[in-house]
Structures are given as C-alpha cells and as structure tokens.
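Structure assessment
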Amino acid sequence: MPQADIQKRVAEIEEKVYSGTRLSIEDGLFLDRSVDLLTLGRLAHHVRVQRNGHYAYYNTNIHLNPTNVCVYRCRFCAFRSDLKADKAYVFTDEMVRERVREAQEKGATEIHVVGGLHHQKKFDWYLNLVRVIHETDPDIHIKAWTGVEMNWFSHITKKPYDWVIQELIDVGLGSMPGGGAEIFDETIRKQLCEHKSDSERWLEIHRTAHQLGLRTNATMLYGHVEEAEHRIDHLNRLRTLQDETGGFQTFIPLAFHPENTGLDYLPKPTGQMDLRMIALSRLMLDNFDHIKAYWIMLGEATAQIALGFGADDIDGTVVHETIYHDAGAKTPQALTVPALHRMIREAGCEPVERDTLYRRVIRDGHRWSIGEPVLA
Ligand code: V47
Ligand code: SF4
C-alpha cells in the first residue's frame, strides 16, 4: 500500500481509538499487517491509560502442574510426557499439600494449576486435587484447569460442562486460567493440536463457566505458523463472547517457545512481534479490562516495555513454572516483589498487588487480606 494511503488509514483508525469506537476486523488486519510498532504502541497505550490509568498489576502466586502425562501430543508442547516415559510424574496428595504450604509461607494469594490429561486418572483425581488444596488453605484462590481440561473431564464422565464445572466450584475452584485457546482458526488448530478440544467447545466451556459465575482468562498462542488473519479472527471470537457474557478478566498473548517441541525448526518470536501482539490485543479487545504481559515467557525486559504498549499486568512472583522452561524459556523461576516493583516503577507505572479477581491486596509480610476492587 502506498505510504499516503497508509497514513490516511492510520488517521481513520486513530480517530476511532480516540473516540472509543470499536475497531473492525479490517482495521485489525490493517494494523497487524501494515502499521509500525510505535504507532501501534501509542494507540494501545492511550487505551490502556483510559482503562487502568498508570496502575500496573502483579500478584503473589505459585504454580502447580500436577502431572505432565498427557493423552494429547500438541506439536508446540515440550512439557507433556508419555505414560511410561522416564520424565513422567504425578503429584500425590501429600506433594500437593506441601506445595500449598510453600505457597502459604510465601504469602501467595493464588495457586495456578494446569497440567496434562492423564490416560488413567478419573475425574475424581482432578476434583480431589482441588479439594485437597482448598482444605489445606481455604483462603488461597484456586485458578485451575483450562477449557481443554474441562472438555476432557466432560468426555471421561460423559457429563455436560455445567455439571463438571459446578462439581469443581463446590470443592473450591475460584476461576479458570486462559490456556488451551491456542489459535481458534480450524485449519491452523488442526496443524497444532488436531485432537484436543476444538474452538467452539473451548468457547462454550468459558461461556458456561461465566454463566455459573466464574471469571476466566483467555490466551492466544502466537509466533508459530499462524498469520494476521488467524490472530484477528481469534481476537474477534473472544471479543464476541465477551460482549455476551462479560466474564473474561484478562487476555494473555502467549509467545511460542520452540525448544524441545515438534516445531523446533521455527524461530522464537522477536521482541517486535511480542510488543505488536500486546498492542494489537489492547486495541482489538475493547471489552477486556486487562492485558497481561506474562514476564515468564516474554522475559523481564520485554514485559517491562510492554507496560507502555498496552499491557497493565505482568502476572506474578510465579514459583515452580514448568511449561515454558521445558520449552526453553531462559527467564528465572521466580521474581521477588522488590524486583517486580522496580520493573513497574521504572516503566513509569504504580505497582498494585492484586488478587486473582483484581481486588487490591493489603499485605503484612506473608499475611494478607483483600481490599476493594482496584477499578471502580
Ligand atoms: O494452552 C504450551 C501454552 C498454555 C508452549 O490464565 C506454550 O493467567 C508457548 O494456561 N510455548 C497453558 N506456550 C498455560 C496457561 C496460562 C499461562 C499463563 C497465564 C495464564 C492465566 C494461563 O501454555 C497452553 C499453551 O497455549 N504453551 N507450550 C510453548 N512451547
Ligand atoms: Fe497435553 Fe496441554 Fe501439552 Fe497439549 S499443551 S500436549 S494438552 S499438556
């Protein structure tokens, strides 16, 4: 497209962004394909400031990946294991309790639980795991099981989604993470993870969770074989469901890490691409309150810069992350609160410790209580 035409289209989009008008799919495609990073960042930062001021959120959390044994073989996954492989592991109840006690000692407000779909474990095993966490610490927020796992539970129990999700809520589930969305476009999804939950099911599960009063997150795995049209289609499908339910809290663009995966011949997404995806998500997802720059996979430097390109959240202290480190992430296993504060303040923002539901955390060492929602 000639430069003059690009400038004209950018001016039209700028007008829409500053007047709070929704961007169309065509606008999104144009932004993704033709607009430079700094322009994207400037527009996205405007939206971010309108929604979240100069706050930048983080939380004190711990991860638990209770098994890596998985019936599926997603091509982008370095974490999974075959049932009988040397690297296969399964947490016992006592190991789960130990992880929760560690979370308590660290003052974590959230435990983030995702894992493989074990060939031999029944739904009761997954249900029990949530129950054990909740009984060990009734205050910690349990954010567990992606839409893919919920779909698996429905498959193995032959029960509908609302039954599965309600059973989990009854034993202590607090919200759902956003994983398993990958890329909704059916042709790309087939190339990445042919057998697992299809896009319509993933969206239906989140719709059901929202109807049952659970808040959930959403993700998009980018930087592999997808193109602009697939990314914009993905964001548009999320935006449409959010219009209907309002149940999504945060969107997390996930940068593909190729090491030890079936796609290891692909290069890792660059810093340019990472920041473009943050900005593009902020611009397209006008009905999402938060965009998370997940420092574990972006790296601290990119996550920090992302706070000026549309992101308002950098996730948390994160202890015991496995999925991205198995796939070659070089980030540390955890960041301290002073390190998170420094990252945020240097980016010109004010750090706010939030809980999973974006309420302010009032902290006294490892003890904490919940204050008001940060956004009125
Ligand atoms: O669905 C797996 C991704 C997801 C790789 O809700 C990979 O706050 C990159 O649910 N390179 C699971 N990504 C993780 C997840 C999550 C992560 C962070 C925050 C939240 C939240 C949820 O991890 C999977 C897949 O998209 N993934 N392998 C890889 N090699
Ligand atoms: Fe299994 Fe999840 Fe890995 Fe896919 S991404 S192989 S479902 S653990």
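Residues numbered from 1 in each chain as written. Chains lettered and ligands numbered in written order. Predicted model: local features only at pLDDT ≥ 70, side-chain atom pairs only at ≥ 80, totals over all residues.

**Quick word on the overall build of the chain**
Of the regular secondary structure elements, the chain holds 15 helices and 12 strands. Of the contacts made within the chain by residues no fewer than 6 positions apart, 77% connect residues no fewer than 24 positions apart. (Helix = DSSP H or I, 4+ residues; strand = E, 2+ residues; numbered from the N terminus. Contact = placed C-beta atoms within 7 Å.)

**Section: the site of ligand 1**
Every one of the 22 residues lining ligand 1 counts as a neighbour, but P177, G179, N217, H257 and A327 are closest to it. Elements supplying a minimum of two residues to the shell around ligand 1: β6 (215-222), β7 (248-255) and α14 (323-326). With three residues, the top contributor of residues to the shell around ligand 1 is β6. Residue classes in the shell around ligand 1 are distributed as 13 nonpolar, eight polar and one charged. (Near = placed C-beta within 6 Å. Nonpolar A, V, L, I, M, F, W, Y, C, P; charged D, E, K, R; others polar.)

**Describing helix α11 (residues 271-284)**
For α11, built from 14 residues, the straight-helix expectation of 20 Å at 1.5 Å per residue is met to within 8% by its first-to-last C-alpha distance of 20 Å. Extensive coverage of α11 is indicated by the burial of 11 of its 14 residues. All buried positions along α11 are accounted for by D274, L275, R276, M277, I278, A279, L280, S281, R282, L283 and M284. (Expected span 1.5 Å × (residues − 1). Buried ≥ 20, exposed ≤ 12 C-beta atoms within 10 Å, placed from the backbone.)

**Some thoughts on the site of ligand 2**
If you check the shell around ligand 2, you find C70, Y72, R73, C74, C77, F79, R80, G116, L117, V148, C193 and K196 and nothing else. Of the residues contributing to the shell around ligand 2, the split by class is eight nonpolar, one polar and three charged.

**A short note on the UniProt feature "binding site: S-adenosyl-L-methionine" (unreviewed entry) in the chain**
UniProt records the feature "binding site: S-adenosyl-L-methionine" (unreviewed entry) at F76 and E182, using the numbering of this structure. For this annotated set, covering 107 residues, all C-alpha atoms fall within 9.7 Å of each other, a compact arrangement in space. Within the element layout of this structure, F76 appears in the loop between β2 (61-64) and α4 (93-105). Filtering out sequence-adjacent residues up to four positions away, F76 remains in contact with L192, L221, H224, F256, T261 and L263. Along the chain, E182 falls in the loop between β5 (173-176) and α8 (186-193). (UniProt positions renumbered as here; feature names shortened; annotations may be inferred.)

**Remarks on the nonpolar core**
Counting residues in each nonpolar core, the largest one holds 108 residues, and the members touching the most others are I111, I133, I278, L283, A293 and A306. The element that contributes the greatest number of residues to this core is α11, accounting for seven residues. (Core = buried A, V, L, I, M, F, W, Y, C linked by C-beta atoms within 7 Å.)

**Quick notes on the pairing of strand β3 (residues 110-113)**
Regular strands place their side chains on alternate faces of the sheet. A two-sided burial pattern is seen for β3, the buried positions comprising E110 and H112 on one face and I111 and V113 on the other. As defined by bridge partners, β2 adjoins β3 across four bridges and the pair is classed as parallel. Across the sheet, H63 pairs through a bridge with H112, a residue of β3. Handedness of the crossover is the feature at issue here: the chain leaves β2, passes through α4, returns alongside β3, and the resulting connection is right-handed. Tracing the backbone out of β3, into helix α5 (residues 123-136) and back to the parallel element strand β4 (residues 141-144) gives a crossover that is right-handed. (Pairing = 2+ DSSP bridges. Right-handed = clockwise from strand over helix to strand, strands pointing away.)

**Comments concerning the sheet that holds strand β1 (residues 55-59)**
An order of β9-β1-β10 is seen for the three strands of this open sheet, with the pairing classed as parallel. Pairing within the sheet leaves two strands with one partner each, and these edge strands are β9 (313-316) and β10 (350-353). Strand-to-strand, the axes of this sheet are offset by a mean angle of 25°, without reference to chain direction. Pairing geometry for β1 and β9, over two bridges, is parallel. If you follow Y57 over to β9, its bridge partner there is D313. Across the sheet, helix α15 (residues 337-346) touches β1, β9 and β10, and the angle it forms with β10 is around 140°. (Axes fitted to C-alpha atoms, helices over the stretch in contact; angles between N-to-C directions.)

**Here we look at the sheet that holds β6**
Pairing within the open sheet is parallel, and its seven strands lie in the order β2-β3-β4-β5-β6-β7-β8. Edge positions in the sheet fall to β2 and β8 (290-291), since each has one partner strand and no second. The sheet contact formed by β7 and β8 spans two bridges and is parallel. Within β8, the residue paired with T250 across the bridge is H290. The strands touched by α4 are β2 and β3; relative to β2, the strand with the most contacts, the crossing angle is about 165°. Where α11 meets the sheet, its contacts fall on β6, β7 and β8, and the angle it forms with β7 comes to roughly 155°.

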